[in-house]
Amino acid sequence: MRRSLHSGENEGGSRGRHSSPILSAADKHRLAILRRALLQFFEEHHRSYPWRRTKNWFHLLMAEMMLRRTRADQVLPVYKEFTDRYRTAADALADGATVREMLRPLGLGWRNEAIFDTLAYLRDNMAVRRLPPEADMIAIPGVGEYSNGMLRSILFADRVAAIDTNVVRILCRFDGLPEKGEMRRSPLIKERAAYLVDTEHPAQVNLSLIDFGALVCTARSPDCEHCPVRRPCRYS
């Protein structure tokens with residue numbers, strides 16, 4: 001979040017530029033309205049978590065892994081304890097028993113074991129304090145397309161969408177698309193998400209979608225009455 005939300009939109013920038021062969025001019029116009037509303041919503045109502053403010057790529061990566069299928073408020077105390085103790089993967093692995101106990105309240109044993117696989121990879125292959133901007137985050141075990149998008153947009157301001165079930169729900173509702181199957185992999189969703197983050201502040205767009213899905217466009221009983229895009233939204 002290195003850029004102000006008040007900075008101007010730059011739809012023609014070259015970094016991470018993504019063509020949109022599926023989107024019509026009308027689609028782009030509606031998505032631009034959604035993007036402006038999301039950024040305004042984020043500026044006024046964003047949830048404040050320490051991993052959103054950190055400059056430590058290792059801590060941010062650990063947060064992404066801890067957040068997998070786990071509520072942010074549940075992750076918060078574990079993240080704070082972990083980051084207070086450990087600055088590198090090597091530090092954490094050297095104190096493995098403590099880390100396992102620390103992760104226990106999060107549940108999901110398979111995810112906690114995956115964190116150790118990630119720690120071992122980082123220790124053996126990325127023993128540096130800073131990542132180069134061209135780093136391929138997907139090469140790291142445990143980093144999928146969603147985490148890659150979130151990490152790259154926050155760390156490098158790369159225009160990469162982080163698409164999860166919340167993003168799918170918001171975009172499907174907004175454009176009146178049916179929610180069925182693996183919509184995260186749908187070209188329709190990927191094109192729309194890519195267009196939303198094709199801006200000077202892609203991290204804020206990715207984060208705004210998380211908060212908007214948690215606070216307004218919820219899976220059950222969405223707050224359509226107070227939704228900032230209720231007029232152009234096609235959800236019914």
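Residues numbered from 1 in each chain as written. Predicted model: local features only at pLDDT ≥ 70, side-chain atom pairs only at ≥ 80, totals over all residues. Heavy atoms only, no water.

**A look at the confidence of the model for the protein**
The condition that has to hold: For every residue, the predictor states its confidence as a pLDDT score lying anywhere from 0 to 100. Note on contacts: a residue pair is in contact if any heavy atoms of the two residues lie within 4.5 Å.
Considering every residue of the protein, the mean pLDDT works out to 87; 88% of them sit at 70 or more. The low-confidence segment residues 1–20, where pLDDT is below 50, has 51 contacts with residues more than four positions distant or belonging to other chains.

**Section: the pattern of salt bridges**
Just so we agree on the cut-off: Salt bridge criterion: a side-chain nitrogen from Lys or Arg within 4 Å of a carboxyl oxygen from Asp or Glu. Only DSSP runs of H or I with at least four residues qualify as helices, and only runs of E with at least two residues qualify as strands; both kinds are numbered from the N terminus onward. Accessible area is worked out with a 1.4 Å probe on protein chains only. A residue is then buried under 20% of its type maximum, exposed over 50%, and partly exposed in between.
Enumeration according to the criterion identifies eleven salt bridges in this entry. Among the ionic pairs, D175 bridges to R30, the shortest N-O distance being 2.1 Å. Taken together, the positions of D175 in helix 8 (residues 165–175) and R30 in helix 1 (residues 25–45) put the pair 145 residues apart, joining distant regions of the chain. On the basis of relative accessible area, D175 is assigned to the buried category, the value being 8%. Given the relative accessible area of 11%, R30 is considered buried. Residue R104 pairs with E101 through a salt bridge whose shortest N-O separation is 3.1 Å. Under the relative-accessibility criterion, R104 is labelled exposed at 53%. One continuous salt-bridge network, built from bridges that share partners, spans D27, R30, D175 and R192.

**Points about the packing of helix 7 (residues 145–156) against helix 10 (residues 202–215)**
Applied cut-off: Structural elements are reduced to axes, namely lines fitted to C-alpha atoms, with helices fitted over the stretch in contact, and the angle between N-to-C directions of any two is expressed from 0 to 180 degrees. Any angle that is under 35 degrees is reported as roughly parallel, and any over 145 degrees as roughly antiparallel; angles of 65 to 115 degrees are reported as roughly perpendicular and all others as oblique. Handedness of a crossing is defined here by the sense of rotation of the near helix relative to the far one, left-handed for an anticlockwise turn of less than a right angle and right-handed for a clockwise turn. Each residue receives one of three labels: charged for Asp, Glu, Lys and Arg, nonpolar for Ala, Val, Leu, Ile, Met, Phe, Trp, Tyr, Cys and Pro, and polar for the others, Gly being one of them.
Look at helix 7 against helix 10: their axes get within 7 Å of each other, and the N-to-C directions meet at 135°. Looking at the two axes, helix 7 sits oblique to helix 10. Helix 10 is crossed by helix 7, and the crossing has left-handed handedness. On the side of helix 7, the interface is formed by Y146, G149, M150, S153 and I154, while helix 10 contributes P202, A203, N206, L207 and I210. By residue class, the composition of the contact of helix 7 with helix 10 is seven nonpolar, three polar and no charged.

**Things to note about the packing of aromatic side chains**
For clarity, the cut-off: The pairing test for Phe, Tyr and Trp rings, Trp by its six-membered ring, is centres within 6.5 Å, and the orientation test on the planes gives stacked under 30 degrees, edge-to-face over 60, and tilted for anything in between. Note on criteria: charge over ring means Lys NZ or Arg CZ within 6 Å of the ring centre, with the direction from the centre no more than 35 degrees off the ring normal.
Applying the stated criterion across every chain, the model contains six aromatic pairs. Ring geometry for W57 versus F58: centroids 6.4 Å apart, planes at 80°, classification edge-to-face. Each member of the pair, W57 as well as F58, carries the same accessibility label: buried. Taken together, the ring pairs connect W57, F58, F82 and Y86 into an aromatic cluster. The ring centre of F116 lies 4.0 Å from the NZ or CZ of R100, which sits over that ring. It is R173 that lies over the ring of Y235; its NZ or CZ is 4.6 Å from the centre.

**Notes on helix 5 (residues 96–103)**
Applied cut-off: The arc refers to the directions leading from the helix axis to the C-beta atoms.
Taken together, the buried positions of helix 5 are G96, V99, M102 and L103. Down the axis of helix 5, the buried set is contained in an arc of 120°. They therefore lie on one face. Tucked inside the fold, the buried residues of helix 5 contact helix 2 (57–66), helix 3 (72–85), helix 4 (89–93) and helix 6 (109–125).

**What to know about the nonpolar core**
Across soluble globular proteins, nonpolar side chains show a tendency to be buried alongside one another. Spelled out, the test is: Buried residues of nine kinds, namely Ala, Val, Leu, Ile, Met, Phe, Trp, Tyr and Cys, make up a nonpolar core once their side-chain atoms join them within 4.5 Å. Domain extents, as shown, originate in an automatic or database domain assignment.
Membership of the largest hydrophobic core comes to 41 residues, with the highest contact counts inside it found for L61, M62, M66, F82 and L122. Those elements that place two or more of their residues in this core are helix 2, helix 3, helix 4, helix 5, helix 6, helix 7 and helix 10. Residue contributions to this core peak at eight residues, all from helix 2. Per-domain counts for this core show at least three residues from each of domain 1 (25–45 + 154–226) and domain 2 (53–141).

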